[in-house]
Amino acid sequence: MTGSAASAGGGDWPLYEVFVRGKRGLNHVHVGSLHAADDAMALRHARDVYTRRNEGVSIWAVRTDNLIASSPAEKDPYFAPSGDKVYRHPTFYDIPDDVPHM
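Since the model is a prediction, treat every value here as computed from it, not as a measurement. (Residues numbered from 1 in each chain as written. Predicted model: local features only at pLDDT ≥ 70, side-chain atom pairs only at ≥ 80, totals over all residues. Heavy atoms only, no water.)

Caption draft 1: Structural detail: the sheet that holds strand β3 (residues 56-63). Pairing is antiparallel in the open sheet, where three strands are placed in the order β2-β1-β3. Unpaired on one side and paired on the other, β2 (28-35) and β3 mark the two borders of the sheet. Averaged over neighbouring strand pairs, the angle between their axes works out to 25° when direction is ignored. Two elements, strand β1 (residues 15-22) and β2, share seven bridges in a ladder whose sense is antiparallel. Looking at the pairing, V20 lines up with V29 of β2. Lying over the sheet, helix α2 (residues 39-50) contacts β1, β2 and β3, oriented at roughly 115° with respect to β2. (Pairing = 2+ DSSP bridges. Helix = DSSP H or I, 4+ residues; strand = E, 2+ residues; numbered from the N terminus. Axes fitted to C-alpha atoms, helices over the stretch in contact; angles between N-to-C directions. Contact = heavy atoms within 4.5 Å.)

Written as structure tokens, this is what we have:
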């Protein structure tokens with residue numbers, strides 16, 4: 001593939017997953033995927049494609065081959081052990097009124 005063909009279509013460029021944190025939200029949300037030659041290009045393209053109308057305050061572009069995720073089929077065996085650890089739930093703690101986002 002020639003250089004111009006690779007740059008036009010992403011040829012052998014790695015795939016990135018893009019997450020954007022909106023102005024009102026606290027969590028980054030998956031908004032899509034794109035191909036880029038490197039990390040800096042991935043961020044620039046993610047900004048141009050997914051935040052054209054100032055929808056975000058933060059962008060994550062993560063190479064897909066660096067993502068590791070559990071499967072929904074593993075839900076019960078993977079998350080069930082934490083159910084018996086009641087001390088992990090905030091019901092046992094007094095949270096001050098000045099602590100935001102709780």
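What follows continues from the structure just given.
Caption draft 2: Highlighting the pairing of β1. Here seven bridges tie β1 to β3, and the two strands are oriented antiparallel to one another. Bridged to G22 within β3 is G56.

Caption draft 3: Geometry of the pattern of salt bridges. Scanning the entire structure with this criterion turns up two salt bridges. Salt-bridge contacts for D48 lead to R47; the nearest nitrogen and oxygen are separated by 3.1 Å. Judged by relative accessible area, which is 41%, D48 ranks as partly exposed. On the basis of relative accessible area, R47 is assigned to the partly exposed category, the value being 44%. With a closest N to O distance of 3.0 Å, R63 and D65 form a salt bridge. Residue classification places D65 among the exposed residues on the basis of a relative accessible area of 54%. (Salt bridge = Lys/Arg side-chain N within 4 Å of Asp/Glu carboxyl O. Buried < 20%, exposed > 50% of the residue type's maximum accessible area, 1.4 Å probe, protein only.)

Caption draft 4: Spotlight on the side chain of E17. Within the secondary structure, E17 is located in strand β1. Nearest to the buried, unbridged E17 among oppositely charged side chains is R63, at 11 Å. Looking at E17, its side chain comes within polar contact range of the side chain of S33, at 2.6 Å. Setting aside residues up to four positions removed in sequence, E17 forms contacts with H30, G32, S33, W60, A61, V62, T64 and L67. (Lys, Arg positive; Asp, Glu negative; His and termini not counted. Polar contact = N/O pair within 3.5 Å; in protein donor to acceptor, adjacent residues only side chain to side chain.)

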